[in-house]
Amino acid sequence: MSSQEDYREITRSKDQKPETNKELGDAIGPYGPWQRRIFLIASVLFMPHVWHVLAMLFFAPNIDYWCKHPEKYSNLTNDQWKTLAIPLNSNKNDSLVYKKCKVYENFNTSRSEIGCSSWEYDLSFYKSTIIDQWNLVCYNGWLVSLSTSVYMAGFLSSVFISGQLSDRFGRRPIILLGIALFFFSALACAFSTSFAMFTTLRYFVAFGASGAVTTAFVLLMEVIGAQYRTVLGVSFQFGWAVGYVLLPALAWFVRDWSSLQLTLTVPWILLCTFWWLLPESPRWLITHGKVERAEKEIETALRINRKDVRNVGRIVKELMSREKCEEKTRHATFFDLLKTPNMRKKTLNSFFAWFVIAFVYYGLSLNTNDLGGDPYINFFISGAVEFPSYGISIFVIKHLGRRIPLVVTMVFGGLACLLTIPIPDYLQWLTVTLAMFGKFCISASFGIVYVYSAELFPTVVRNVGVGSSSMCARVGSMVAPFVKELSKATNNGVPLGIFGGLSVISGILVLLLPETNNIPLPDTLEEGEAFGKKPMELESTKL
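The rules behind the values
Residues numbered from 1 in each chain as written. Predicted model: local features only at pLDDT ≥ 70, side-chain atom pairs only at ≥ 80, totals over all residues. Heavy atoms only, no water. Phe/Tyr/Trp six-rings, centres within 6.5 Å; stacked < 30°, edge-to-face > 60°. Helix = DSSP H or I, 4+ residues; strand = E, 2+ residues; numbered from the N terminus. Buried < 20%, exposed > 50% of the residue type's maximum accessible area, 1.4 Å probe, protein only. Lys NZ or Arg CZ within 6 Å of the ring centre and 35° of its normal. Patch = residues over 30% accessible without salt bridge, like charges linked within 9 Å, V, L, I, M, F, W, Y side chains within 5 Å. Areas by Shrake-Rupley, 256 points an atom, 1.4 Å probe, with all protein chains shown as cover. Salt bridge = Lys/Arg side-chain N within 4 Å of Asp/Glu carboxyl O. Contact = heavy atoms within 4.5 Å.

Student: Tell me what's going on with the packing of aromatic side chains, and back it up with residues and numbers.
Tutor: Tallied over the full model, the rule gives 33 aromatic pairs. Aromatic side chains Trp134 and Phe198 sit 5.8 Å apart centroid to centroid with 45° between the ring planes, which places their arrangement in the tilted category. Of the two residues, Trp134 sits in helix H6 (residues 130–134) while Phe198 sits in helix H9 (residues 195–223), which places them 64 residues apart along the sequence. What makes Trp134 buried here is its relative accessible area of 16%. When the ring of Phe183 is compared with that of Phe184, the centres are 5.5 Å apart and the planes differ by 80°; the resulting orientation is edge-to-face. A residue is classified by how much of its surface remains accessible, and Phe183, at 12% relative accessible area, is buried. Given the relative accessible area of 55%, Phe184 is considered exposed. Among the aromatic side chains, those forming a connected cluster through ring pairs are Phe46, Phe217, Phe236, Trp240, Tyr361, Tyr362 and Phe446. Sitting above the plane of the Tyr65 ring, Lys100 keeps its charged end 5.0 Å from the centroid. Note that Arg172 overlies the ring of Trp275, its terminal NZ or CZ placed 5.1 Å from the centroid.

Student: Got a sec to walk through a nonpolar patch on the surface? Specific residues and values, please.
Tutor: A surface patch of nonpolar side chains, about 740 Å² in accessible area, is lined by Ile404, Val408, Phe412, Leu415, Leu418, Ile421, Phe437, Ile508 and Leu511. A total of five residues in the nonpolar patch trace back to one element, the largest contributor, which is helix H20 (residues 403–419). With respect to the helices and strands, Phe412 occurs in helix H20. Taking the relative accessible area as the measure of exposure, Phe412 reaches 45% and is therefore partly exposed.

Student: I'd like a description of the environment of Asn342, backed by residues and values.
Tutor: Mapped onto the secondary structure, Asn342 falls in helix H17 (residues 341–365). Each C-alpha atom of the pair Asn342 and Glu529 lies 5.5 Å from the other, and the pair is 187 residues apart in sequence. Asn342 has contacts with Gly528, Glu529, Ala530, Phe531, Gly532 and Lys533, leaving out every residue within four places of it along the chain.

In structure tokens:
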């Protein structure tokens with residue numbers, strides 16, 4: 001007996017049970033004006049998040065710097081001072097450049113070099129950056145990557161904590177609380193008086209913004225029909241892409257980091273309107289016994305979607321009956337993902353794929369300043385490629401399945417990164433093209449893996465499985481900024497080599513996972529263990 005036949009035999013009794021209870025989408029319509037409002041809210045919340053997570057590229061751009069003039073040499077021009085006191089060094093192209101962290105100890109009598117104690121900066125293009133404000137250069141240069149990783153740590157902790165809080169207190173209050181925390185932290189960040197204050201406030205910016213986005217996504221998935229979850233689950237990320245391509249335009253006109261922080265924050269006071277626009281999840285209200293509020297929310301949804309409101313009471317009773325049936329299976333935990341061999345292999349494979357995809361995605365996004373050419377154009381292209389990547393993701397997962405498209409996008413994206421390594425500096429356009437193709441592929445992978453993972457785990461551990469996978473992605477995004485530091489000690493090809501190599505390896509490992517498209521999905525842990533097993537393995541489990 002084949003693996004699919006065996007799996008269907010396990011699930012046959014489940015499939016033969018008549019469906020007597022409706023989902024919320026069946027009752028109020030799978031997708032209408034009411035759900036569209038929630039979809040737009042979730043998409044809009046992505047924009048401030050992407051602005052602040054990637055703004056570090058413009059807060060801390062690549063600017064030239066050198067050891068500061070002593071007072072007695074203040075009459076010298078910068079070029080005169082460099083010629084007189086700054087040692088030369090060969091770069092990877094064997095051309096001579098001035099050292100940024102060294103100065104001659106006594107250039108009149110000795111050529112011995114010492115480290116700089118203070119610096120001067122080329123601010124001919126940028127008015128102010130956090131680099132020159134807090135001297136984040138030389139032995140302090142790694143602090144820029146640390147600040148980005150701290151932001152990602154806020155993202156990581158928020159995914160876990162906001163999920164717990166929203167399950168207890170509801171989706172709406174956690175979204176509104178996240179918006180408030182984001183706004184006031186981002187506003188205070190513009191007036192930071194120290195790097196420690198700046199980094200700490202950015203942690204809370206990330207915590208609030210990502211908490212609001214994550215909870216809004218959960219709300220969206222709870223109110224739309226099952227047939228729309230695949231398309232809208234990917235489409236809502238267009239909000240991220242829109243914010244991505246707008247950011248370099250704003251940064252071009254505002255070249256003072258503090259003013260740019262205000263520019264990226266003040267417009268979002270408009271999010272206060274969500275107080276009146278944002279509904280609570282009827283499903284959450286029902287599971288917590290808040291029947292009257294659930295009836296009001298469902299009645300509002302029915303009115304907006306132009307449905308008959310006379311059956312509200314019956315709809316709530318049916319949904320409550322369904323929730324009671326599902327509640328009996330809500331005892332599985334994270335450890336159930338790792339107890340049995342097949343589930344363990346699928347889980348660890350999924351965790352690694354999420355880690356690599358986020359690692360490569362943020363690595364490429366944060367590396368646009370080092371690709372050569374105009375950083376603003378590179379950044380814009382990096383964001384623009386996400387539009388077709390998400391569009392293609394929607395098409396391929398609907399018509400070509402999940403597994404092979406994920407393998408192809410990860411492997412091709414990785415190969416594109418690897419091919420940038422041997423390209424000489426004078427072919428910068430080719431380096432940028434390959435890097436952007438890699439970004440295109442890895443963005444498509446991000447859209448696919450969301451849907452794939454949700455189908456890979458059985459129902460009883462689906463939330464914990466996807467949530468744990470997302471946390472692995474956050475770890476990848478925390479590590480990514482430090483890979484950039486390797487380019488300073490080696491060359492710019494090393495980070496792209498790491499990104500490419502891991503992407504290819506993870507893509508090949510995805511071949512070990514089963515296809516989930518047009519296949520009955522597992523509900524119980526037993527079905528999850530049987531799902532995707534090879535025929536010989538399945539036969540041995542029966543003995």
